[in-house]
Amino acid sequence: MEEARMWAGVERARLRLADLLEDLPTRDWERPSLCAGWRIRDVAAHLAGNAQFGAGDWFREALRARGRFNRMIGDSARRLATESPGSLVAQLREHAASRKVPPAPGAGPDSTIMDVLTHTQDIALALGREPEVPPEDAVAGLGSLWKLRFPFNPRKRLAGLRLVASDADWAVGAGPEVRGPASGFLLLLTNRPAAYERLSGPGLDLARAKQAA
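What comes next is a walk through the structure. Each residue is numbered by its place in its chain's sequence as written, counting from 1. In keeping with the predicted nature of the model, local features appear solely for residues at pLDDT of at least 70, side-chain atom pairs appear and are counted solely at 80 or more, and the whole-chain, interface and lining totals rest on all residues. Hydrogens and waters are ignored; side-chain quantities use all the structure's heavy atoms.

### Some details on the pattern of salt bridges
By salt bridge we mean one thing: a side-chain nitrogen of Lys or Arg within 4 Å of a carboxyl oxygen of Asp or Glu. Enumeration according to the criterion identifies 10 salt bridges in this entry. Residues Arg31 and Asp28 are paired through a salt bridge, measuring 2.9 Å at the closest nitrogen-oxygen approach. Burial here depends on accessible area, computed with a 1.4 Å probe over protein chains only, as a share of the maximum for the residue type. Under 20% is buried, over 50% is exposed, and the range in between is partly exposed. For Arg31, a relative accessible area of 35% puts it in the partly exposed group. Residues Arg39 and Asp42 are paired through a salt bridge, measuring 2.8 Å at the closest nitrogen-oxygen approach. Residue Arg39 is classed as partly exposed on the basis of its relative accessible area of 29%. The class of Asp42 is buried, set by a relative accessible area of 2%. Via salt bridges that share partners, Glu30, Arg39, Arg41 and Asp42 belong to a single interconnected network.

### A closer look at the environment of Asp169
Put simply, DSSP H or I for four residues or longer makes a helix, DSSP E for two residues or longer makes a strand, and each gets a number counted from the N terminus. With respect to the helices and strands, Asp169 occurs in the loop between strand S1 (162-165) and strand S2 (171-173). C-alpha of Asp169 to C-alpha of Arg155: the two residues are 14 residues apart in sequence and 18 Å apart in space.

### Some thoughts on the pairing of strand S3 (residues 177-180)
In S3, alternate side chains face the same way, and those of Val178 and Gly180 are buried while those of Glu177 and Arg179 on the opposite face are not. Of the strand pairs in this sheet, S1 and S3 are connected by four bridges, and their pairing is parallel. If you follow Arg162 over to S3, its bridge partner there is Glu177. When DSSP finds two or more bridges between two strands, those strands count as paired.

### So, the packing of helix H3 (residues 40-50) against helix H6 (residues 85-94)
Contact pair H3 / H6: the axes reach a minimum separation of 9 Å and the direction vectors enclose 35 degrees. Between H3 and H6 lies a crossing whose hand is left-handed. For the pair formed by H3 and H6, the contact residues are Arg41, Ala45, Leu47 and Ala48 on the first element and Pro85, Leu88, Gln91 and Leu92 on the second. Among the residues making up the contact of H3 with H6, the classes are represented as six nonpolar, one polar and one charged. Axis lines are fitted through C-alpha atoms, for helices just across the contact stretch, and the angle between N-to-C directions can take any value from 0 to 180 degrees. Two helices cross in a left-handed way if the nearer one is turned anticlockwise from the farther one by less than a right angle. They cross in a right-handed way if the turn is clockwise. The contact definition used throughout considers only heavy atoms, calling two residues in contact when any of these lie within 4.5 Å. Residues are grouped as follows: Ala, Val, Leu, Ile, Met, Phe, Trp, Tyr, Cys and Pro are nonpolar; Asp, Glu, Lys and Arg are charged; every other residue, Gly included, is polar.

What follows is the structure in structure tokens.
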């Protein structure tokens, strides 16, 4: 998918998430999301921040976290999460078309669409809702994930499996097959247990074992 189409997908995804969060009761903002250790509020803040942060902002966050990547991401999200739900929703809308990316190797529209769509599922599924995840946008995110070594390294972790999207032209690997919607593979490749409820096939038990190892 060309870059302009991916960025358009990012913008639509941010606006859909803002719509989902718009009328969410305050108590639901404190619910755990599917992203381990993060509330729905934290996930929303992370996505709002990513759309605004420039290189200087990330440099300051890295200094605060003493260069520890996971700590930097988590701390920055929780710091932004102190803002009101209304403010976070407004930021998602205001910066929906932003093309800012972290100063990291390989960061671009494909990694951004992966981040937004995966975290949207973290929020929506935790609320018992089914988010809209266009298969073509999910495939763009999967392309980014499959080549990513840190922090998930799915190419190594899921070696020996054939992963096949049932709703898009995407397939990788060789071995027992795991099949399902492209959105489900966003969850699988980022190590979300919720993936197993959305995928099927003779390789699913092996995928589960590999994730647990």
